[in-house]
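A look at the structure
In case you want the letters, here they are:
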Amino acid sequence: MLVCKVLAAALLWPALATAEVLSLSSLHWTLRNANGSIVIPAKVPSQAHLDLLDAGIITEPLLGINDFTQRWVVNDNWTYTADLAPLTRHLSHDARALLVFYGIDTIANITVAGHPVAWVSNQFQQYVFDVTDFLAEPVHRNTNITVALESAYHYGLNVTSRPDAEISPTGDFEYAGIRQYIRKTQSDFGWDWGPAFVPSGIFKPAYLVTLTPPRSRELDAVTNVTSVAPEPASHPLLASGESVFIEESSLEISKVGQTTIAAPHQSADWLVNVTLGVRSVIGSDFPTLTITIPELKVSSGPLRVRAIPVSTNATTFVSATFKIPDSVPKRWFPHNLGTPKLYNFTITLTLPQSSHSHSHAPAQAVSFVTRSGFRTVQLVQTAYPASEAAARGITPGDQWHFEVNGRAFYTLGTNIIPFDPFYARMTSAQVRWVLESAVKSGQNMLRVWGGGIYQPSDELTGGYDFYAACDELGIFAWSELIFSDALYPINDWLLASVAPEVRQNVRRINRHPSNAQWAGGNEIEGIVIGVNQTLANGTHYLDEYQTLFGEFLHDIVLEEESSVAYTDCSTTSGVLSLDPYEIRYDNKTAGFIYGNGERYNYDASQAFNYSTYPRSRFMNEFGFHSQPSFYSWEEVLLSSDDFSFNSTVVASRDHHPPAGSLAFPNPNAPQGQAQMTSAVELWLPTPNTADTNQTFAQWCWSTQVFQSLNMVSEIAFYRRGAGEGENNLGALVWQLNDIWQGASWSAIEHSGRWKVLQYGMADIFRPVVIYPFWTPDNATLEIVVTSDRWEEVHGAAALTWYDWSGNFIDSSTLPFTVPSLNNTLILAIQELDNIVPTNHNATDVWLYLNLTAQVDDNKTVTHEQFFTPVPLSTANLVDPEIQLTPGPDLTFTLSAKGGVAPFTWLDHPAGTVGFFADKATGLPSNGFFLVPGIDRTVQFIPNPELSAVSHPNPADFVVRSLWNNTHL
C-alpha cells in the first residue's frame, strides 16, 4: 500500500489502476449535443465551448462578434461521456469507489454504469458520491460515466415560467431575469464589462477515490509492511486513500476569546482549530488529530476527536484545537506593512481500530501538509466614541475600516472579476501575474466581487491557485458570497442549495491569512432600500433580503468561522448592532457618516469636481471605463474596417449600459461610447490624424489616460480623507482585471497588458504621496502630502514651474511632517493669477511636484505629480521630438529633444507580457511627463511564462504621447 501512496501523486497524469486517487482527466471523454449531430473528443476539466473550439466546430469565442453568433451553444444541451473501465477494472472486491467532483457547471444528471447517481444544480458545490454498487452491477455491461448538462438558459426559462416564480423588479443584463434562480456565476449571463456565453461543463478537476479496508496483522507480517507514520502528503486530497478520504479540511487561526465582532486581544494565545470532513471504510471509537508546526518545533500531540463510523455515503466532521503562546510565531502582514510570514502545518488523523472490530490491523493514519499564517484582521464597525470624534475632528457616525494585528491601516486596492469567460482554461500563471501586478502597484487588498465565483485555493481541486498566492504575496482578499445586483427570492430549494455551498467555501478559505472578511453579496442592500422606498410591496423584498443576508447567510458563516467579519453586502450603510446583528439600512442621522461607499459618475465634466466625491469612511468601488489597447483589439478584430472607435464590432463589445435583453448589437452602447468620447474631448487633445490606425490607437489610449487621471484624482482625495472628518481608510478601484477585449473599467487587459491606470495606481498608491487639489469654483490650489505609514514621516517637497517648451521658470522647496495615517497641507493659494508664474499664461505652463521622505526603516521614498492650470485639451503643447534609445536587457532611454511630452508612453510588442520599471528604483514607470534635459531610463521586465515572444526586438517597442493625438 505504500507504493500506492506514491503513485497517487501522479494523479494529474494518466492514472494507474493501483492508485487510490485517480484523475478523471486521464479518461477518453466525448462531448455530444442533444440530437447527436455533434460528437467530438473532449476533456475534463473543460467546458463545452472549449471542446468545440478544440474540435474546430467553432472559432475562438472571443473573436469578433462570436458572443452573438455562438449563442446556439447556450441553447443546446451537452453530454460528457467516458468509459470508467480503465480506472475500475482492477478494483478489489472490498474496495469502495467515491466519485468526486470539485465543480460542475451547472445543471446536470450524473449516471454511472447505466445507473442514475444524482441531479446537481449548484456550480459552487463540490460533490462526492459512493458509486461502488453501481460499478458492481452495470446495466447492460455499461461501464460509462455520463454527465448530461442541461442548458442553464432553458432551465432558467422553465423555472421562471412557473406561476409561483418571483421575478426581481430590477433591471438585468443579457440573459435577463433568470440568474437569481441558478447557482452559477452571475456574470455568465452578461454584465456591463463582459460577454454572456453561459458556459457549461465539468469545469473543475474530478477524481475517483478508492478506499480499501486495512489488511490484517498476519498479512502485514507476511508482506513485511510495518505500521509506521505516513509521510505527509502535500495536499489533503493526496493524503486520501487506503481507508480514509479527506473530503474537506479547515484550518483557522484566531486568538483565544476572539469572535467575528469583538476586537481580538493581541497578547492572548493563538488558537489553532482544525476540522476535517472524512469518509472512511474503517470505524474508530477514539481517533486523534495531531497538529505540528515543524519550523516552530511545536506540536499539539494527539488530540481526541469524535468517533468516526464506517461510512462512505455521508461525511463525518472531526475537530480539534490547541493553543500556541502569542510570542512563538511571527505574524503575517500584507506586503506593504511587513512580511507575509507563512508556516507549514502537518495535520495527522489517526484511526485506531474500534474495539468491536474483528480486524487486527494496526491503526490507520493519514497525514498532509498545509500552509497558513498567524494574523488578526478586524473590520471595525462600531460608533466613534464622542470624545475621540471631538478630539480628532471626525464627523460623527460609525467606523468602517480594517485593522491588521491590532492596528488600523489604509486599504489600497482594486476589485477583481472572473479572469476569463471560461474558467476551465485559466492557469495559475495567468492569475498569479494579475496578483503580482497588484502587489507591484502597491495594492494590499483585492475585493473578490460577488457576481463571479468563489476563487480557488489550489490547482488540484480548483484548477488554478488564487488564495494561496495571495497568502504568499501578502495581499488581502475581501471575499464575497455569490449574489449580485438583483433581489433573490426566498424558497426552501434555494436555501437548501446555498447552505452547503457557503459552508464548503468558508471552511476551505479559513486557512488563508489573506482572507479579510465575508460579504453577503454585491450592491444588493442599496437596491432593496430603493425598492422598499418606491414600490408598494417593497417591504416584501426587504423582508426577503433580511431573511437571506441578515439572518440565514450571516448565521451560516459565523457557524463556520470566528476570525473575520461578516457584512451583509459589499456596499453597506453598516449596522445598528453587531450583537444581535442588525443591519442599519436607511436608519441614519443626517450629517453622520455610516458604512462605506462607491462612486460612478459618467458626466466627465464632473470628473475632478471634489464636491461630487463621497466623503465616506471607506470607498469599495469607484471607476470609469476605457478601451483596451490597439494590441488587444488586434487579438479579436477580423477586418481592417473594424479598427475604428465606433465600428460595429468595437461598439458591440461596449456593454455599458447593458442591453437588458438579447438585443444585438447592444442598443445602449452609444451611451457608453459617448461618455468615453466626451471625457477625451473635454480633457485631452482630440485624436485626429491622417493615419486611421494611429487615430484609433490614440483614441483607445486616450480613454485610458483620462481613466487614470480620474481614478488618481479620486484615490488622492480618499487618501487625504484619512486626516479629514470622514477618516477615510480605504480605496478600492473598480476594477483590476479584464474578462475579454472590450470597453471596461479594468487596469489590466485580458492578455495581462497594463493599462495607463495600472501605472497610475502604482504611482498614487506609494506610501507617501504629493497631490495638487485644484478647485475651480473658488480658484484654490491646495498641495497636500499624504502618508499611510504607521510612523510620523518627515521630508521635503520641490515645486518647479516649466513652460511646455521645457524651459525652467521657478522653483521652491517646502519641508513637511505628516502624522501617522494622515496628511499635511503644505501650500494653499487662491486665484489663478496668483498661482501661475508672473508674465505667463495658464495655457503655457505646468507645475512639477516632487517629494523625498524618510520612513522608519531608513528607506528613502519619492513621489512625483504634476499640475496643469488648464486642461491638457487646451494647453499649448509643443512637439516633444521624443528620442527612444535602446540599451542592453530591454532598457530604453527616452529623451525629449523638443518640448515637454505629457504622458510619455512606451508600448511593448504584441505577444509579450510584462511591465516597465524605472531603471534606478525598480518601481513601475510609464505614462510620465518627459522634460527636455531630464532623460528617463526604463526597463521592460517580461513575464517569460506568459510571453509568446521570448526575445522581443527592441525595434518593435513603440513610444507615444499626447502630441501623437494630433500629429503623426
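Residues numbered from 1 in each chain as written. Predicted model: local features only at pLDDT ≥ 70, side-chain atom pairs only at ≥ 80, totals over all residues. Heavy atoms only, no water.

Attention now goes to the pattern of salt bridges. According to the stated counting rule, one finds 36 salt bridges in the structure shown. A salt bridge links Arg432 to Glu472; its shortest N-O distance comes to 2.9 Å. Of this pair, Arg432 sits in helix 11 (residues 428-440) while Glu472 is found in helix 13 (residues 467-473), placing the two residues 40 residues apart along the sequence. Between Asp907 and Arg753 there is a salt bridge, with its nearest N and O atoms 3.9 Å apart. Remark: Arg753 occurs in the loop between strand 31 (730-733) and helix 21 (756-764) and Asp907 occurs in strand 41 (residues 901-907); sequence separation between them is 154 residues. The buried category is assigned to Asp907, whose relative accessible area is 6%. (Salt bridge = Lys/Arg side-chain N within 4 Å of Asp/Glu carboxyl O. Helix = DSSP H or I, 4+ residues; strand = E, 2+ residues; numbered from the N terminus. Buried < 20%, exposed > 50% of the residue type's maximum accessible area, 1.4 Å probe, protein only.)

Attention shifts here to the pairing of strand 31. Neither face of strand 31 is open: one carries Gly730 and Leu732, the other Ala731 and Val733, and all of them are buried. Where strand 22 (residues 411-416) meets strand 31, four bridges bridge the pair, whose relative direction is parallel. In the strand pairing of strand 31, Thr411 is matched with Gly730. (Pairing = 2+ DSSP bridges.)

Let us now look at the sheet that holds strand 41. Strand order in the open sheet formed by three strands is 43-41-45, and the pairing between neighbours is antiparallel. This sheet does not close on itself; its edge strands, each paired only once, are strand 43 (928-930) and strand 45 (958-960). Here the average twist between neighbouring strands, direction ignored, is 45°. Bridge count for strand 41 against strand 45 is three bridges, and the pairing is antiparallel. (Axes fitted to C-alpha atoms, helices over the stretch in contact; angles between N-to-C directions.)

The next thing to look at is the side chain of Ser632. Structurally, Ser632 can be placed in helix 17 (residues 630-636). Assessed through its relative accessible area of 0%, Ser632 is described here as buried. Those residues in contact with Ser632, other than ones at most four positions away along the chain, are Gln741, Glu749 and Ser751. (Contact = heavy atoms within 4.5 Å.)

Attention now moves to unusual backbone geometry. One can expect most non-glycine residues to show negative phi and most peptide bonds to be in trans. Residue Pro580 is reached from Asp579 by a cis peptide bond, and omega for that bond is 5°. One can find Pro580 in the loop between strand 27 (575-578) and strand 28 (581-583). Residues His656 and Pro657 are joined by a peptide bond in cis, for which omega reads -10°. Relative to the helices and strands, Pro657 resides in the loop between helix 18 (648-652) and helix 19 (669-683). The phi torsion at Leu821 lies on the positive side, around 45°, for a residue other than glycine. Considering the arrangement of structural elements, one finds Leu821 in the loop between strand 35 (808-818) and strand 36 (822-830). Given a relative accessible area of 13%, Leu821 falls into the buried group.

With respect to the element layout, Asn710 can be found in helix 20 (residues 692-720). With residues near it in sequence (within four places) discarded, Asn710 still touches Arg599, Ala607, Phe608, Tyr613 and Phe624.

Right, let's talk about helix 11 for a bit. Because the α-helix completes a turn every 3.6 residues, residues three or four places apart line up on one side. Along its 13 residues, helix 11 runs 18 Å from first to last C-alpha, staying within 8% of the 18 Å computed at 1.5 Å per residue. When helix 11 is considered as a whole, its buried residues turn out to be Ser428, Ala429, Val431, Trp433, Val434, Leu435, Ser437, Ala438 and Val439. At the exit of helix 11 stands Gly442, carrying a positive phi of roughly 90°. (Expected span 1.5 Å × (residues − 1).)

Of all residues in the protein chain, 96% have pLDDT values of 70 or greater, and the mean over the chain is 94. The low-confidence segment residues 216-227 (pLDDT under 50) makes eleven contacts with residues lying over four places distant or belonging to another chain. (pLDDT = per-residue confidence, 0-100.)

A word on the sheet that holds strand 39 (residues 882-886). Within the open sheet, the four strands sit side by side as 39-40-44-42. Their pairing is antiparallel. Sheet topology places strand 39 and strand 42 (914-918) at the edges, where each strand pairs with a single neighbour. The mean angle between the axes of side-by-side strands here comes to 30°, regardless of whether they run parallel or antiparallel. The pairing of strand 40 (residues 891-896) with strand 44 (residues 936-942) spans four bridges and is classified as antiparallel. Counted as the bridge partner of Leu894 is Arg936 from strand 44.

Our focus in this paragraph is the packing of helix 19 against helix 20. Interaxial distance between helix 19 and helix 20 falls to 9 Å at its minimum, and their mutual angle equals 75°. On the basis of the axis angle, helix 19 is roughly perpendicular to helix 20. Contacts between helix 19 and helix 20 involve Met676, Thr677, Ala679, Val680, Glu681 and Trp683 from the former and Trp699, Ser702, Thr703 and Phe706 from the latter. (Parallel < 35°, antiparallel > 145°, perpendicular 65-115°, else oblique.)

Bringing the pairing of strand 25 (residues 515-519) into the picture now. Counting buried residues in strand 25 gives five out of five residues, a clear majority hidden from the surface. Of the pairings in the sheet, the one linking strand 24 (residues 476-480) to strand 25 comprises four bridges and is parallel in character. Bridge assignment links Glu480 to a residue of strand 25, and that residue is Ala519. This β-α-β element, strand 24 to helix 14 (residues 492-509) to strand 25, shows right-handed connectivity. Looking at chain direction, strand 25 and strand 26 (residues 565-567) are connected through three bridges and run parallel. By the bridge assignment, Gln517 is partnered in strand 26 with Ala565. (Right-handed = clockwise from strand over helix to strand, strands pointing away.)

This paragraph deals with the nonpolar core. Grouped together as the largest cluster of nonpolar side chains are 201 residues, with contacts concentrated most on Phe402, Phe466 and Phe903. Tallying contributions element by element places helix 20 first for this core, with 14 residues. Excluding residues within four positions of it along the chain, Phe402 makes contact with Val377, Gln378, Leu379, Arg407, Ala408, Phe409, Thr411, Met445, Trp478, Ala516, Gln517 and Phe618. One finds Phe245, Leu251, Ile282 and Leu289 within the second-largest nonpolar core, a separate group that totals 45 residues. (Core = buried A, V, L, I, M, F, W, Y, C linked by side-chain atoms within 4.5 Å.)

Glancing now at the packing of aromatic side chains. One pass over the full model with this rule turns up 74 aromatic pairs. Judged by centre distance (5.8 Å) and plane angle (75°), the rings of Tyr343 and Phe374 are edge-to-face. Residue Tyr343 is located in strand 17 (residues 343-351), and its partner Phe374 is located in the loop between strand 18 (364-372) and strand 19 (377-380); the two are separated by 31 residues in the primary sequence. On the basis of relative accessibility, which here comes to 0%, the residue Phe374 falls in the buried class. Note on Phe940 and Phe957: the rings are 5.5 Å apart at their centroids and 70° apart in plane angle, and the pair reads as edge-to-face. Of this pair, Phe940 sits in strand 44 while Phe957 sits in the loop between strand 44 and strand 45, placing them 17 residues apart in sequence. One exposure class covers both Phe940 and Phe957, and it is buried. Here a set of aromatic residues connected by ring pairs shows up, and it is made of Tyr802, Trp804, Phe808, Trp846, Tyr848, Phe866, Phe903 and Phe929. One residue, Arg447, lies across the ring of Trp478, its end atom 5.9 Å from the ring centre. (Phe/Tyr/Trp six-rings, centres within 6.5 Å; stacked < 30°, edge-to-face > 60°. Lys NZ or Arg CZ within 6 Å of the ring centre and 35° of its normal.)

This part takes up the packing of helix 15 (residues 524-534) against helix 16 (residues 538-560). Put simply, helix 15 and helix 16 touch, their axes get as near as 7 Å, and they point 155° apart. In this view, helix 15 runs roughly antiparallel relative to helix 16, as classed from their interaxial angle. Helix 15 and helix 16 meet at a crossing whose hand is left-handed. Along the contact surface, helix 15 presents Ile524, Glu525, Val528, Val531 and Asn532, while helix 16 presents Gly538, Thr539, Tyr541, Leu542, Tyr545 and Phe549. Here the contact of helix 15 with helix 16 is built from residues that sort into seven nonpolar, three polar and one charged. (Left-handed = near helix turned anticlockwise from the far one by under 90°. Nonpolar A, V, L, I, M, F, W, Y, C, P; charged D, E, K, R; others polar.)

For Ile783, the position within the fold is in strand 33 (residues 780-787). A relative accessible area of 0% means that Ile783 is categorised as buried. A sequence separation of ten residues divides Ile783 from Phe773, and the C-alpha atoms of the two residues are 6.1 Å apart. If sequence neighbours within four positions are ignored, Ile783 has contacts with Ile770, Tyr771, Pro772, Leu799, Thr824, Leu825, Ile826, Leu827, Leu847 and Leu849.

Checked against the element boundaries, Gly898 lands in the loop between strand 40 and strand 41. Each C-alpha atom, one on Gly898 and one on Lys255, is 62 Å from the other, the two residues being 643 residues apart in sequence. When residues no more than four places from it in sequence are discounted, the contact partners of Gly898 are Ser805, Asp879, Pro880, Glu881 and Pro932.

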